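Structural description and commentary
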Amino acid sequence: PIFIFSAVGVCFAGSAANNIKEGNRLYHQGKFDEALKYYNKAQAEESNSAVVNFNAGAALYQKRDYRKAADAFTKALVAEDRTLEAKASYNMGNSRYRMGKLKVKMDLSSAVSFYRQALEYYKRAIELDPKNTDAKYNYEFVEKELKVLLDKLKHQKQKKQQQSKNKKRNKQQQSQQSKGGEQRKQQPQQPKHQKQQNQQSQNKEEQQQKKSQGNKK
């Protein structure tokens, strides 16, 4: 299973801090839509805050809006706090993985790209926090799934190449058959008057044969 780091506390005062605290309370109650409203209020005051963007990303992730969650986590990656940066990198990995998972049945190439991005973020999270066992687990998990996708993608390409070859071969065969038909049409036909002459000649030969047979009797 893919786990994420949930909303974190604040380290500043004012109304933005109060909105974050209220958002966190709602987040931990599973009320992600309501929590996001408070995080958005905090963003209006502290748009560059890594904490605010991280928490908004966590709520968006829980709502399965992985693209917007990734955008929010990206803004949190600039955190001066290495611990928060590690958590943001980890959650970015999860977001990219989920985005790739949604593409598996429709676009294998895009899914592979997202999985590779996920691995890069997990790798960064481990570098920042070597004790992050969840990041290590997710890295190995996604790496295995990526190998499966790459194998499917390879077979998919081979299938397309074979289909292309078959299509080309069929066109060549159809072209050859078409040329053969045209050649048969172009063969000279015997003129009608020649046919009549041949028929008359054949009739005379038959009559002569009958007379000859009659004379023998």
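Residues numbered from 1 in each chain as written. Predicted model: local features only at pLDDT ≥ 70, side-chain atom pairs only at ≥ 80, totals over all residues. Heavy atoms only, no water.

**Things to note about the overall build of the protein chain**
Operational definition: Strands here are runs of E lasting at least two residues and helices are runs of H or I lasting at least four, both read from the DSSP assignment and numbered beginning at the N terminus. The rule is simple: take the accessible area with a 1.4 Å probe, protein chains only, and divide by the maximum for that residue type; under 20% is buried, over 50% is exposed, in between is partly exposed. Working definition of accessibility: Shrake-Rupley area with a 1.4 Å probe, residue cover restricted to the visible protein chains.
Check the secondary structure of the protein chain and you find 8 helices and 0 strands. Reading the secondary structure of the protein chain in the N-to-C direction produces α-α-α-α-α-α-α-α. Here the protein chain holds 217 residues, and the buried ones make up 33% of them. Accessible area of the protein chain: about 14,900 Å², with a carbon and sulfur share of 45%.

**A closer look at the pattern of salt bridges**
Counted only if it meets this: Salt bridges are counted wherever a side-chain nitrogen of Lys or Arg sits within 4 Å of a carboxyl oxygen of Asp or Glu.
Within the structure shown, the criterion is met by 5 salt bridges. Close ionic contact of Glu145 with Lys101 constitutes a salt bridge, the shortest N to O distance being 3.4 Å. A residue pair is termed long-range when its members are at least 10 positions apart, and Glu145 in helix H7 (residues 133-185) and Lys101 in helix H5 (residues 82-101) qualify at 44 residues. The partner of Glu127 in a salt bridge is Arg124, and the shortest N-O contact between them spans 3.5 Å. Note that Glu127 and Arg124 are positioned in helix H6 (residues 108-128) at a spacing of 3 residues, about one turn of the helix. When its relative accessible area of 45% is taken as the criterion, Glu127 is described as partly exposed. Via salt bridges that share partners, Glu85, Arg124 and Glu127 belong to a single interconnected network.

**Focus on the side chain of Asn19**
Put simply, the rule is: Whether two residues are in contact is decided by their heavy atoms, any of which lying within 4.5 Å being enough.
Within the secondary structure, Asn19 sits in helix H1 (residues 15-28). Its relative accessible area of 13% is what places Asn19 among the buried residues. Setting aside anything within four residues of it in sequence, one finds Asn19 in contact with Tyr38, Lys41, Ala42 and Glu45.

**What about unusual backbone geometry?**
The phi dihedral of Arg64 is positive, around 70 degrees, even though this residue is not glycine. Along the chain, Arg64 falls in the loop between helix H3 (50-62) and helix H4 (66-76). Taking relative accessible area as the criterion, Arg64 reaches 66% and is therefore assigned exposed.

**Considering the packing of aromatic side chains**
Heads up, the condition is: Note on ring pairs: Phe, Tyr and Trp rings are taken, using the six-membered ring of Trp, and paired if centres are within 6.5 Å. Classes follow the plane angle, with under 30 degrees stacked, over 60 edge-to-face and the rest tilted.
In the structure shown here, the tally under the stated rule is 7 aromatic pairs. Relative to Tyr122, the ring of Tyr90 has its centre 6.0 Å away and its plane inclined at 55 degrees; by these criteria the two rings are tilted. With Tyr90 in helix H5 and Tyr122 in helix H6, the pair connects residues that are 32 residues apart, well separated along the chain. Each member of the pair, Tyr90 as well as Tyr122, is classed as buried. Arranged with centres 6.0 Å apart and planes meeting at 70 degrees, the rings of Tyr97 and Phe141 form a pair that is edge-to-face. With Tyr97 in helix H5 and Phe141 in helix H7, the pair connects residues that are 44 residues apart, well separated along the chain. Using a relative accessible area of 3% as the deciding quantity, one classes Tyr97 as buried. The class for Phe141 is partly exposed, based on a relative accessible area of 26%.

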